[in-house]
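The lines below spell out each chain.
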There are 2 protein chains.
Amino acid sequence: MLHWSIPDDTRKSWDRKIPYYIRFRDHFAAMIKAGTLLPNAKLPSERALAEDFSITRVTVRQALIRMEAEGLIFREKRRGWFVSPPRILYDPTTNASFTKSVTEQGRVAGTLVLSKQRVMASAWVSENLGCAPGAEIFIINRLRTIDGRAVLVEQIHIKAERCPGLLENPLDQSMTDLLSEKYGIVERRAQINMRPTVLLEDPAHALGVTAGTPSLYLSRSIVDQYNEVIELDLEFWRHDAIDICVAATGKTAD
Amino acid sequence: MLHWSIPDDTRKSWDRKIPYYIRFRDHFAAMIKAGTLLPNAKLPSERALAEDFSITRVTVRQALIRMEAEGLIFREKRRGWFVSPPRILYDPTTNASFTKSVTEQGRVAGTLVLSKQRVMASAWVSENLGCAPGAEIFIINRLRTIDGRAVLVEQIHIKAERCPGLLENPLDQSMTDLLSEKYGIVERRAQINMRPTVLLEDPAHALGVTAGTPSLYLSRSIVDQYNEVIELDLEFWRHDAIDICVAATGKTAD
DNA sequence: CAGCATTTGTGGTATAGTCCAAATATCGTT
DNA sequence: AACGATATTTGGACTATACCACAAATGCTG
């Protein structure tokens, strides 16, 4: 059994007005870094932590939320707090699939189709997909996992007219491959936008986390060989799961 | 059907189980969206807000911190809460300078050199800069502002032997231009990594914000025409200031 | 009227609880 | 051993305060 609290004697030496919740953070950050706490390990309950450190549960939560924002730990809704696994490197500019990328880094990727449907494009979608408002599109919601942990939800929008019968295909594979093999659509280029934000109600629920936890929002609009936008992909990433890397090659004329 | 867009007034008013801090958030989110609250407007004090909404200051802070994570508002250390200005689009893969990029979007960019020194490379830096541990390097700390608001701190590491007398030049301009004009160093390519995290003590102080506020960490290692890493750039961005965009052109062989 | 000291207001930290709903563990029955 | 009802634990939300440190406003003084 591990001892979580700091011995009282040591407290004197660094008793320099460091807030409790920072000490708490430092304590666990050190344990995580040292490997005393392994990835996916569950922390004790908030009440137990509060007692061990002789602080209030409110203060414990303040520290935990801070550590979550740092990417040290994560939570599963109403289940508790866990140590974050290492981030995966992900290059959104290559066409390399999520699955391939994750596998190459020695992790296990999973894909779960949450829903698929044929609907009429909303105003926002039609604008960004470059089609008439009300045009028919496919919307596919998928959940992606790494080593069993849900790390991203994505909502894929595809013009229906370009891909008849798309939803009859297995949808837990790479969309790039599917569009290429079945419909001869080649991804020529893509415009990617990213910004840190928090998880909204629905994506949070899909990820099994509390709404309001930090996340990385990534949108990708994909252009085919005819210079037409054919796919719009909206992704919410668990912010502690990803390390985005892109290569900038030479000077692009602008 | 999953809803990905931000809930506004469409939230079900008949659902009485919406937490106070979410209602508070929705109220101000609507005001900000409607333009009733303009960018950089200061919110009332936490105590005043608590009284106005008949909730505790603790709950008010919970809501404010949530809104900060969303990027709706930001705070200046011990000064209060303010409405976030629009994000600027920033493409880290182009060599376009910060100043140029900001100016093109009709905003005013500023650069402040915080410190400049010639030191010996630490183990970590030498590893990432590709030089011997203890080799001499320049470290330049700069603060970047948009419309007067500090949005990013950067720490630039440059091999000293390649750029004699670098620190004697004006350092509030584009490093790319300076290296090119004075030392004939051309940025051939760069490797960029990004991840959401929080501001640590020092960068937070430089930005004038509370340590622990969300941020985007961006590192850039720049390779010259001789395929040698000559610059290592570490950046902490205010997470609500930036909308990162990159273009993925065609398929890269891998 | 400039410059310095003091007060006041504000955000940051922290306590000590309560209530609730969901998740987990327990236990008895088939 | 499997299952379902029940009790317990846990995280999420919230109240009501308190104290401190710092920033801005205020007042005092030379």
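Summary of the structure given here.

What counts as what
Residues numbered from 1 in each chain as written. Chains lettered and ligands numbered in written order. Predicted model: local features only at pLDDT ≥ 70, side-chain atom pairs only at ≥ 80, totals over all residues. Heavy atoms only, no water. Pairing = 2+ DSSP bridges. Helix = DSSP H or I, 4+ residues; strand = E, 2+ residues; numbered from the N terminus. Axes fitted to C-alpha atoms, helices over the stretch in contact; angles between N-to-C directions. Least-squares fit on C-alpha atoms with pLDDT ≥ 70 in both. Contact = heavy atoms within 4.5 Å. Buried area = accessible area lost by both parts, 1.4 Å probe. Polar contact = N/O pair within 3.5 Å; in protein donor to acceptor, adjacent residues only side chain to side chain. Nonpolar A, V, L, I, M, F, W, Y, C, P; charged D, E, K, R; others polar. Core = buried A, V, L, I, M, F, W, Y, C linked by side-chain atoms within 4.5 Å. Buried < 20%, exposed > 50% of the residue type's maximum accessible area, 1.4 Å probe, protein only. Near = heavy atom within 4 Å. Salt bridge = Lys/Arg side-chain N within 4 Å of Asp/Glu carboxyl O. Phe/Tyr/Trp six-rings, centres within 6.5 Å; stacked < 30°, edge-to-face > 60°. Lys NZ or Arg CZ within 6 Å of the ring centre and 35° of its normal.

## Structural notes on the sheet that holds strand β8 (residues 214–223) of chain A
In spatial order, the strands read β4(A)-β5(A)-β6(A)-β9(A)-β8(A)-β7(A)-β10(B)-β3(B); together these eight strands make up an open sheet with mixed pairing. Both edges of this open sheet fall to β4 (109–120) of chain A together with β3 (88–90) of chain B, since each of them pairs with a single strand only. Across this sheet, the average inter-strand angle for adjacent strands is 20°, counted without regard to direction. Judged from the six bridges that link them, strand β7 (residues 189–198) of chain A and strand β10 (residues 242–249) of chain B form a sheet pairing that is antiparallel.

## Details of the relation of the copies chain A and chain B
Mapping chain A onto chain B leaves a residual RMSD of 0.1 Å; the transformation is a rotation of 180° accompanied by 0.0 Å of translation along its axis. Both copies are brought into coincidence by an operation consistent with a two-fold rotation axis. The rotation axis passes nearest to the C-alpha of Pro 196 of chain A in chain A, at a distance of 3.2 Å.

## Some thoughts on the interface of chain A and chain B
In this assembly, 48 residues from chain A lie in contact with 43 residues from chain B. A buried area of about 4100 Å², summed over both sides, lies between chain A and chain B, and 54% of it is on carbon and sulfur atoms. Sorting the residues of chain A by area buried against chain B places Pro 196, Val 246 and Ala 248 of chain A first, and these three jointly supply 14% of that buried surface. Linking chain A to chain B there are 10 residue pairs in polar contact (both at pLDDT 80 or more). Among the secondary structure elements, those contributing two or more residues to the side of chain A that touches chain B are α4 (57–70), β5 (136–146), β6 (149–159), β7, α8 (201–207), β9 (229–238) and β10 (242–249) of chain A. With 10 residues, β7 of chain A is the single largest residue contributor to the side of chain A that touches chain B. Considered class by class, the residues forming the side of chain A that touches chain B number 22 nonpolar, 14 polar and 12 charged.

## Examining the nonpolar core
Formed by 67 residues in total, the largest nonpolar core has its most connected members in Leu 166 and Trp 237 of chain A together with Trp 237 of chain B. Each residue touching Trp 237 of chain A, except ones within four places of it in the same chain, is listed here: Ile 88, Tyr 90, Phe 98, Val 151, Leu 152, Ser 215, Leu 216, Leu 218 and Ile 242 of chain A. Formed by 22 residues, the second largest nonpolar core is a distinct cluster that contains Val 153, Leu 199, Ala 204 and Leu 207 of chain A.

## Focus: the protein's contact with DNA strand D
By nearness alone, 20 residues border DNA strand D, and Arg 47, Arg 57 and Arg 61 of chain A together with Tyr 20 and Arg 79 of chain B come closest of all. Taking all atoms of DNA strand D within 4 Å of the protein, the share assigned to sugar and phosphate is 61%. At a separation of 2.4 Å, a phosphate oxygen of DNA strand D approaches a polar backbone atom of Tyr 20 of chain B. Here Arg 78 of chain B contributes a side-chain N or O atom positioned 3.3 Å from a base nitrogen of DNA strand D. Counting only elements with at least two residues in the surface near DNA strand D, the list comes to α3 (46–53) and α4 of chain A together with α1 (20–34) and α3 (57–70) of chain B. For the surface near DNA strand D, the element with the highest residue contribution is α3 of chain B, accounting for three residues. Here the residues of the surface near DNA strand D are counted per class, giving five nonpolar, six polar and nine charged.

## With respect to the pattern of salt bridges
Here the idea is simple: oppositely charged side chains can pair when their charged atoms come close. Applying the stated criterion to the full structure yields 38 salt bridges over all chains. Between Arg 25 of chain A and Asp 26 of chain A there is a salt bridge, with the nearest N and O atoms lying 2.9 Å from each other. Given the relative accessible area of 17%, Arg 25 of chain A is considered buried. Taking relative accessible area as the criterion, Asp 26 of chain A reaches 30% and is therefore assigned partly exposed. Of the charged contacts, one joins Arg 144 of chain B and Glu 154 of chain B as a salt bridge, the two residues approaching to 3.0 Å between their closest N and O atoms. Note that Arg 144 of chain B is positioned in strand β5 (residues 136–146) and Glu 154 of chain B in strand β6 (residues 149–159), a separation of 10 residues in sequence. Each member of the pair, Arg 144 of chain B together with Glu 154 of chain B, is buried. One network of salt bridges, with partners in common, ties together Arg 25, Asp 26, Arg 66 and Glu 70 of chain A.

## Considerations on the packing of aromatic side chains
Residues and elements named next belong to chain A. Summed over all chains, the structure comprises 14 aromatic pairs over all chains. Taking the centre distance of 5.0 Å and the plane angle of 40° together, the rings of Tyr 90 and Trp 237 count as tilted. One end of the pair, Tyr 90, is in strand β3 (residues 88–90); the other, Trp 237, is in strand β9, with 147 residues separating them in the sequence. In terms of burial, Tyr 90 and Trp 237 fall into one category: buried. Members of the aromatic cluster, each reached through a chain of ring pairs, are Phe 24, Phe 28 and Phe 53. When the ring centre of Phe 74 is taken as origin, the NZ or CZ atom of Arg 149, which lies over that ring, is 4.0 Å away.

## Notes on the sheet that holds strand β9 (residues 229–238) of chain B
Pairing is mixed in the open sheet, where eight strands are placed in the order β3(A)-β10(A)-β7(B)-β8(B)-β9(B)-β6(B)-β5(B)-β4(B). Two strands close off the open sheet at either side, each with one partner strand: β3 of chain A together with β4 (109–120) of chain B. Averaged over all neighbouring strand pairs, the angle between strand axes comes to 20°, with direction disregarded. Alignment of strand β7 (residues 189–198) of chain B against strand β8 (residues 214–223) of chain B, held across 10 bridges, turns out to be antiparallel. The residue bridging Met 194 of chain B from the neighbouring strand is Leu 218 of chain B, located in β8 of chain B.

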